[in-house]
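# Examination of the molecular architecture
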There are 2 protein chains.
Amino acid sequence: MRMDLDKQLNGSVQKAFLLLEAFTLDKPEWGVSELARSLGANKSTIYRLLATLEKLGVLQQNRRSEKYRLGLKLFELGHRVSIHQAVVHCTHPVLEEVARAIAETVHLAILEGTHIRYLDKVESPQGLKISTEIGSLRPAHCTGLGKMLLACADSEQQQAVLDATPLFAQTANTIVSAAALRRELAEIRERSFALDREEYEIGLICVAVPIFNQQGDLVAGLSASGPANRFREEALPHYVSILKRGAEKIREGIGNFQL
Amino acid sequence: MRMDLDKQLNGSVQKAFLLLEAFTLDKPEWGVSELARSLGANKSTIYRLLATLEKLGVLQQNRRSEKYRLGLKLFELGHRVSIHQAVVHCTHPVLEEVARAIAETVHLAILEGTHIRYLDKVESPQGLKISTEIGSLRPAHCTGLGKMLLACADSEQQQAVLDATPLFAQTANTIVSAAALRRELAEIRERSFALDREEYEIGLICVAVPIFNQQGDLVAGLSASGPANRFREEALPHYVSILKRGAEKIREGIGNFQL
DNA sequence: AAACGCTGTTTCATTATTCAAAACACTCAG
DNA sequence: CTGAGTGTTTTGAATAATGAAACAGCGTTT
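Note that the structure is a prediction, hence the values are computed from the model and not measured.

## A few points about the protein's contact with DNA strand C
The environment of DNA strand C is made up of 18 residues, and the closest members are G11, R37 and Y47 of chain A together with N42 and T45 of chain B. By atom count, sugar and phosphate contribute 66% of the portion of DNA strand C lying within 4 Å of the protein. Backbone polar atom of S12 of chain A to a phosphate oxygen of DNA strand C: 3.5 Å apart, as the coordinates give it. Broken down by secondary-structure element, the contributors of at least two residues to the surface near DNA strand C are helix 1 (11-21), helix 2 (32-39) and helix 3 (43-55) of chain A together with helix 3 (43-55) of chain B. In terms of residue class, the surface near DNA strand C is made up of 4 nonpolar, 9 polar and 5 charged.

So, in structure tokens, the structure goes:
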């Protein structure tokens, strides 16, 4: 495998997880040969890795097609992750309330380096849905949640994003310069909510607020997203107030939990 | 490590996942030494495995305590598992409805060999909760869901359980003989719901029904569980009818989905 | 039918990696 | 200061992963 593996660390384990990364929602099934080709690795290596992971329940093999897909062991381990236990368990009901009140898709996310990670999601009851996936990452600089979380983060974390300027222009509206992003973050901190006006995807608007714990530490972000044509400027205060009430409710239930 | 590893298969990967198994909800944090001791393995082996898994995001290290816990990569991979996507996503709202209607904890589970695996759960609004974990396994022969799923399963799967007789007596009420279990399964098939009368845990009662897809294949099981002292015999038909309505609703939404 | 292209699987010698024991660095308690 | 507990790094020895090639199957094409 011509993957860059760190010396000192266990290469097989790294390979195994790099291999698991190939199983995305877009391509959930892989055969031995195609996967070996795609990873630039030897067939027998992949074959043995797949066989090992299948025996462990990490992958499961489709009898008919002989192809592999992610197995229930990962499902099990994923649910043991403490962040899931601690946060999502007690925040999900609030997300649902907010989603009902706003009638748009609601997300819960945290900052992870220069990206945000979606921890939970409740979809809009309306037809038009947003194609996010729980557990996945998105750049912080071009999402409402990302900018909100950055605005509340310490300067070290902000710098990590600003260092990467010019930032990747996801759409024509994406903020790409460090100066502009700095101004934007200051403004967000000021009014304590963030807006994403089609900065990640044309046609997609998002409003985000921060969630603090009872010690005042930033825990996560809460947002409502919907199609731009459904979004009315005058309704913004309404959205923000519902989101803020949700964040407050989570704060009450979450105690002194920290990331 | 004196773990039994299959020859031919990648040992490091097997070790890595055996190691991950140690991170349970009861003991979510491990240091290098204690984990090595607990697994009967060498410290440096565990050290490098932990370091590798941490670099991959599979584990994360607590700065203060230097201990490790499960990381967000597993959270992410867990949410990519297709069963989660396909089933839980569209069944969760129904579980909530049922939980509201019955006011007891509701579970969704599938049969996996001789055990059931909990895919989803909505807890009772009442104080007394059941200590199940999403993703975890329980023996099929002594749970309502397990007996229900077994009753609908093919004889091969039933035999796998019956072969293990005398079955493990979880409580004094557990069915332990093959003949008795066979009779029980026949009766369950007859009336198309299963009861667990404190067969897994004293004080715990459970009612379960099957969920079929539109082709009539068994997909999963749906159950309501609660403390025995809250359970009234005459309310049973009421519980069953609510569960059955839930199962029917899922059937409508699930199309021809198969395990 | 036979040759082809495509699977997944197995073999085997070479190589590189992982291993375990011990030493090291550090913290905390007595 | 000593001792027992951490996590980390180093060692040579031994194990285990590796890739090329051969194999076995299954359809399609020639």
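That covers the picture; the talk isn't over yet.
## Observations regarding the sheet that holds strand 6 (residues 194-197) of chain B
Residue and element names in this part refer to chain B. Taken together, the 6 strands give an open sheet; going across it, the order is 5-4-3-8-7-6, and neighbouring strands pair in antiparallel fashion. Each edge of the open sheet carries a strand with a single partner, namely strand 5 (137-139) and strand 6. On average, each strand axis in the sheet is inclined to that of its neighbour by 30 degrees, with strand direction left out of account. Where strand 4 (residues 115-122) meets strand 5, 3 bridges bridge the pair, whose relative direction is antiparallel. Bridge pairing in strand 5 places R117 opposite L137. Along the sheet face, helix 6 (residues 144-152) touches strand 3 (105-112), strand 4, strand 6, strand 7 (204-212) and strand 8 (218-227) and points at about 35 degrees away from the line of strand 7.

## Some points on the nonpolar core
Core analysis: the biggest nonpolar cluster contains 116 residues, and F17, L19 and L20 of chain A together with F17, L19 and L20 of chain B have the highest contact counts within it. Ranked by the residues each element gives to this core, the list is headed by helix 5 (residues 82-102) of chain B, at 8 residues. Ignoring anything within four residues of it in the chain, the contact list for L20 of chain A reads L53, V58, L59, L70 and L74 of chain A together with F17, L77 and R80 of chain B.

## Examining the interface of chain B and chain A
Tallying the contact residues gives 52 residues for chain B and 52 residues for chain A. Overall, the association of chain B and chain A removes approximately 4,700 Å² of surface from exposure, summing both partners, and the carbon and sulfur fraction of that is 68%. Between the two partners, chain B and chain A, sit 6 salt bridges. A salt bridge links R117 of chain A to E76 of chain B; its shortest N-O distance comes to 2.9 Å. Counting across the interface, chain B meets chain A through 12 residue pairs in polar contact (both at pLDDT 80 or more). A total of 9 residues in the side of chain B that touches chain A trace back to one element, the largest contributor, which is helix 4 (residues 72-80) of chain B. For the side of chain B that touches chain A, a count of residues per class yields 24 nonpolar, 16 polar and 12 charged.

## Topic: the packing of aromatic side chains
Enumeration according to the criterion identifies 3 aromatic pairs over all chains in this entry. Each ring, one from F231 of chain A and one from Y239 of chain A, has its centre 6.2 Å from the other, and the planes form 40 degrees; the classification is tilted. Exposure class is identical for F231 of chain A and Y239 of chain A. Each is buried. The lysine or arginine in question, R191 of chain A, covers the ring of F193 of chain A, its NZ or CZ lying 4.7 Å from the ring centre. Its guanidinium or amino end placed over the ring of W30 of chain B, K27 of chain B lies 4.4 Å from that ring's centre, counting from NZ or CZ.

## Notes on the pattern of salt bridges
It is possible for side chains of opposite charge to pair when their charged atoms get near one another. Overall, the coordinates contain 36 salt bridges over all chains when judged by the stated rule. Between E34 of chain A and K27 of chain A there is a salt bridge; the shortest N-O distance is 3.6 Å. Residue class for K27 of chain A comes out partly exposed when judged on its relative accessible area of 28%. Between K249 of chain B and E97 of chain B there is a salt bridge; the shortest N-O distance is 3.0 Å. One end of the pair, K249 of chain B, is in helix 9 (residues 236-254); the other, E97 of chain B, is in helix 5, and 152 residues separate them in sequence. By relative accessible area, K249 of chain B is classed as partly exposed at 40%. E97 of chain B sits in the partly exposed class, given a relative accessible area of 36%. Via salt bridges that share partners, E21, E112 and R117 of chain A together with K73, E76 and R80 of chain B belong to a single interconnected network.

About the criteria used
Residues numbered from 1 in each chain as written. Chains lettered and ligands numbered in written order. Predicted model: local features only at pLDDT ≥ 70, side-chain atom pairs only at ≥ 80, totals over all residues. Heavy atoms only, no water. Near = heavy atom within 4 Å. Polar contact = N/O pair within 3.5 Å; in protein donor to acceptor, adjacent residues only side chain to side chain. Helix = DSSP H or I, 4+ residues; strand = E, 2+ residues; numbered from the N terminus. Nonpolar A, V, L, I, M, F, W, Y, C, P; charged D, E, K, R; others polar. Pairing = 2+ DSSP bridges. Axes fitted to C-alpha atoms, helices over the stretch in contact; angles between N-to-C directions. Contact = heavy atoms within 4.5 Å. Core = buried A, V, L, I, M, F, W, Y, C linked by side-chain atoms within 4.5 Å. Buried < 20%, exposed > 50% of the residue type's maximum accessible area, 1.4 Å probe, protein only. Buried area = accessible area lost by both parts, 1.4 Å probe. Salt bridge = Lys/Arg side-chain N within 4 Å of Asp/Glu carboxyl O. Phe/Tyr/Trp six-rings, centres within 6.5 Å; stacked < 30°, edge-to-face > 60°. Lys NZ or Arg CZ within 6 Å of the ring centre and 35° of its normal.

Any functional reading would require information beyond the geometric quantities listed.
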